[in-house]
Amino acid sequence: MTEFFNALVLLTNFVLLPGLTYGSQLALGALGVTIIYGILRFANFAHGDLMSFGTMFVILVTWWFQGMGVGIDPLPTALLALPFGIAAAILLTLFADKTVYRFYRRRKSAPVIFLIASIGLMFVYSGTVRFIIGPADQQFGDGARFLLKVQEFKDVTGLKEGLAIKLSQGLSVGVAAIVVIALFWFLQRTRTGKAMRAYSDNEDLALLSGINPERVVFFAWLIVAALATIAGTMYGLDKSFKPFTYFQLLLPIFASAILGGIGHPIGAIVGAFIVAFSEVTITYAYKKFLRYILPESWEPDSLVQLLSTDYKFAVSFVILVVVLLVRPTGVFRGKVI
Amino acid sequence: MSSLPRPLFLFAGVVLAFTAVGFGQSWGVSLSIVNLCLISAVMALGLNMQWGYAGLINLGSMGFAALGGLAGVLVSKAPVAESWSVGGGNLGLSVLMVIATVIVALVGRRFMARGALRNIVTALIILVGYFLARAFFDPAVEAIESVDGAKTGYLGGAGMPIIFSWIVGGAFAGAAAWIIGKIALGLRTDYFAIATLGISEIILAVIKNEDWLSRGVKNVTGLSRPVPYEIDLQTSPWFLDLMTWLGGDPVSGSTIFVKLCYAVLFIGVLLILIWLLERALNSPWGRMMRAIRDNEHAAEAMGKNVTRRHLQIFVLGAAVVGVAGAMLTTLDGQFTPGSYNPLRFTFVIWVMVIVGGSGNNWGSVLGAFIIWFIWIEAEPAGLWLMNLVTTGLDESDPLRLHLLRSAPHMRVIVMGLVLLLVLRFSPKGLMPEVRRR
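Residues numbered from 1 in each chain as written. Chains lettered and ligands numbered in written order. Predicted model: local features only at pLDDT ≥ 70, side-chain atom pairs only at ≥ 80, totals over all residues.

Colleague: Would you explain the overall build of chain A in this entry?
Modeller: When helices and strands are tallied, chain A shows 14 helices and two strands. Taken over C-alpha atoms, the radius of gyration comes to 21 Å for chain A, in line with the 20 Å a tight globule of 337 residues would show. When the backbone C-alpha atoms are referred to their principal axes, chain A occupies close to 70 × 55 × 35 Å. Across the 337 residues that make up chain A, the buried fraction comes to 47%. (Helix = DSSP H or I, 4+ residues; strand = E, 2+ residues; numbered from the N terminus. Rg over C-alpha atoms; globule rule 2.2 N^0.38 Å. Buried ≥ 20, exposed ≤ 12 C-beta atoms within 10 Å, placed from the backbone.)

Structure (structure tokens):
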């Protein structure tokens, strides 16, 4: 029986917890992509770099706070800096909307033109981030490291396998839950939120009923910038901040949004967890796990890893393609524009 | 419309810019930029075929360029006999397993009715086939990579002249594009863009991690050359005679001569491609492609097979990018998978196409020259600007040091601004598509 519990703990530690954490981070990112898709109706390729821009600002303010000795130990200082990062990202997106997207919106350009414009903005954001903070890895987490340490867990349970919960993992899941609840309350209960949903559902009808499109777009960017910064900061606290990694996050984020049904917020969250768990379960080496649950003579001699971690992009890609071929509207029947 | 003077004027500006670099920095630098411009022009032509002729957004050109580069290694390097003897057999068996799996899966699907059961059985066949292939593949890889890992540790290539890799690279990229296109074409434009972006990351991940194939990130250096080596030139009498006649220094003259040789080869490829493409554009086929691009549904109603034509042009365009990738590896004399990144190999090429003028082949060439020139020269320009801005600051001032260190990243911002400005104020590009009948 202990064998079984050991196996369970092992799986929780290396599959369940990382999956949950990564899934929450992806969910925040995918919500941003899906809202832009629902309101402005294009695939925003600048989203990854928007995340890195917001996170960069959070890091800068964190350093400033650390220099002044301001902190909220045991929580990371980055949480205190988060509002500043969000504000910076909001200003950036509103400026980008005013200078770039509004022009094409007025002309009712094709989504492809918006897409290419977002690539241009991607360059600008990514260059700005590299210019200010550089392309290198940055660690900015401080405060307590663990909520639950391996040794503590082993002492309490007496199991051979340990379970560790990093503070960043707990934060990712907790913050994501709070943000998602707040977002859904906003979309379901407030006047502006309802206007946004109406606009996303049927633009012409919404306009006829007197909804101001510029106001809807304004709030969309507000929310998206906040979501992107929070997602980026959580990812950076959990792993590390590197501009190029954030660009590469685009693929799993798009996969999540499309899998859930593009333009569909609940779908984005569900999609994010499916993508995250697929990545983690497929790239995990099951050798140790199988050793616990299988009889001794069946022990595998290889790592029993379906795919090396270097190929985790392949997982998002396969999910993306399968969804697009089998059910192009996604799990939750998003829109097909 | 006075369409003739403007392109001439623009190309004259490009020539002027390179002459300025030649006098200002050095002719060697100028020629290196020209060579990379030529390669970029070929890449841009490939993307222009897909976007300009057919309206397909391919964000995967990095992957196709890397496949072309891989061809450079696989064609030109001498085969490593020991690797083949220790791992070749198992590797061959694993390839056979993959083929067998595909055949069994396809045949199985034919004999079963549509439905969930068929999909489950197919998935099971693939899973079993995967493990069978891995059973032979893993030991083969281990054996191959253990063969003198510091120098070889891979299968080597075919030992042929590297110039053949230009064709093979195109074939590699085209074959990959065929598979991708079979799966992903027919998706909406933006989904297709995302899918191609993903596939290029996967192609690169494979090339980086499969050390048995091309040593992965350990790089393959010292590829053979299609042009003479500087050191040989410096000792050959005819070249020394030429140099004395020209009154130049044989050492610097030889490097310029080598670069000129490359330039001639690249210009040859570029001209052949443009000739073919222009002929294609003016043929009924080109007319059909434009019809499909401008109104897919109307073209479909006229009986054109839109998906097939899309697949065709996707494969052809990718093959052209693959040729360019092989040319790049040839010029570098080495294959370094770590140096491929989507910004430089996908998005900058995209900027070239948009700035030059979607749908215009000469426009893509012009765009390639202008954008690559900016991409390279923005670095010294950025440094100069930062030096100017920070002259008031102390030599060791941290802000000054940071700004000077970060100056190279300015070119990324410049690239974005160029793209945004052109898209806004001249959406048809510097050389708009010529209206044909």
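More follows now that the structure is in view.
Colleague: Help me understand unusual backbone geometry, please; the structure alone is not making it clear to me.
Modeller: Both trends apply: most residues other than glycine have a negative phi, and most peptide bonds are in trans. All names here are of chain B. Despite not being glycine, Arg215 has its phi angle at roughly 65°, a positive value. Accessibility expressed as a C-beta count within 10 Å gives 23 for Arg215, which makes it buried. Of note, the phi angle at Asn219 is positive, near 65°, even though the residue is not glycine. Mapped onto the secondary structure, Asn219 falls in the loop between α8 (211-214) and α9 (230-235).

Colleague: Would you mind going over the interface of chain B and chain A with me for this structure?
Modeller: Interface extent is often summarised as the accessible area lost during association of the parts. At the interface, 32 residues of chain B touch 34 residues of chain A. Counting residues per element, the ones that place at least two in the side of chain B that touches chain A are α6 (164-184), α7 (189-209), α15 (342-356) and α18 (410-425) of chain B. Per-element tally for the side of chain B that touches chain A: the top contributor is α7 of chain B, with 13 residues. Class assignment of the residues belonging to the side of chain B that touches chain A gives a composition of 23 nonpolar, six polar and three charged. (Contact = placed C-beta atoms within 7 Å. Nonpolar A, V, L, I, M, F, W, Y, C, P; charged D, E, K, R; others polar.)

Colleague: How should I be thinking about the domain arrangement of chain B in this particular structure?
Modeller: All names here are of chain B. The domain architecture assigned to chain B consists of domain 1 (5-79 + 156-425) and domain 2 (80-155). Between the C-alpha centres of domain 1 and domain 2 there is a distance of 34 Å. Across the boundary between the two partners, domain 1 contributes seven residues, which contact 12 residues of domain 2. Residues of the side of domain 1 that touches domain 2, tallied by class, amount to three nonpolar, two polar and two charged. (Domains from an automatic or database assignment.)

Colleague: When you look at helix α14 (residues 306-332) of chain B in this model, what are you seeing that I'm missing?
Modeller: Residues and elements named next belong to chain B. In this model α14 runs 39 Å from its N-terminal to its C-terminal C-alpha over 27 residues, within 8% of the 39 Å that 1.5 Å per residue would give. Across the 27 residues of α14, 21 count as buried, placing the element largely inside the fold. Downstream of α14 by a residue or two, Gly333 has a phi angle that is positive, lying close to 75°. (Expected span 1.5 Å × (residues − 1).)

Colleague: Quick question: what am I supposed to make of helix α14 (residues 312-326) of chain A here?
Modeller: Because each turn of an α-helix spans 3.6 residues, side chains separated by three or four positions in sequence point in the same direction. The first and last C-alpha atoms of α14 of chain A sit 21 Å apart over 15 residues, in line with the 21 Å expected at 1.5 Å per residue. Lys312, Phe313, Ala314, Val315, Ser316, Phe317, Ile319, Leu320, Val323 and Leu324 of chain A are the residues of α14 of chain A that are buried. Against α11 (250-260) and α12 (265-283) of chain A together with α7 of chain B lie the buried residues of α14 of chain A.

Colleague: Got a minute to help me understand the nonpolar core in this structure?
Modeller: Soluble, globular proteins show a tendency: their nonpolar side chains are buried together. Of all hydrophobic cores here, the largest spans 211 residues; its most connected members are Ala220 of chain A together with Val42 and Val351 of chain B. With 16 residues, the single largest contributor to this core is helix α2 (residues 27-53) of chain B. Not counting the four nearest positions on each side in its chain, Ala220 of chain A is found in contact with Ile35, Ile36, Ile39, Leu40 and Met196 of chain A. Counting 11 residues, the second largest nonpolar core, distinct from the first, contains Val80, Ile144, Leu155 and Trp212 of chain B. (Core = buried A, V, L, I, M, F, W, Y, C linked by C-beta atoms within 7 Å.)

Colleague: Got a minute to help me understand the packing of helix α1 (residues 5-24) of chain B against α2 of chain B in this structure?
Modeller: Packed helices, taken two at a time, are described by their axes: the angle between them and the distance between them. Residues and elements named next belong to chain B. Between α1 and α2, the shortest axis-to-axis distance is 6 Å and the interhelical angle comes to 145°. Contact with α1, carried on its side by Phe18, Val21 and Gly22, involves Trp27, Val29, Ser30, Ile33 and Val34 of α2 and no other residues of that element. Residues that form the contact of α1 with α2 fall into these classes: six nonpolar, two polar and no charged. (Axes fitted to C-alpha atoms, helices over the stretch in contact; angles between N-to-C directions.)

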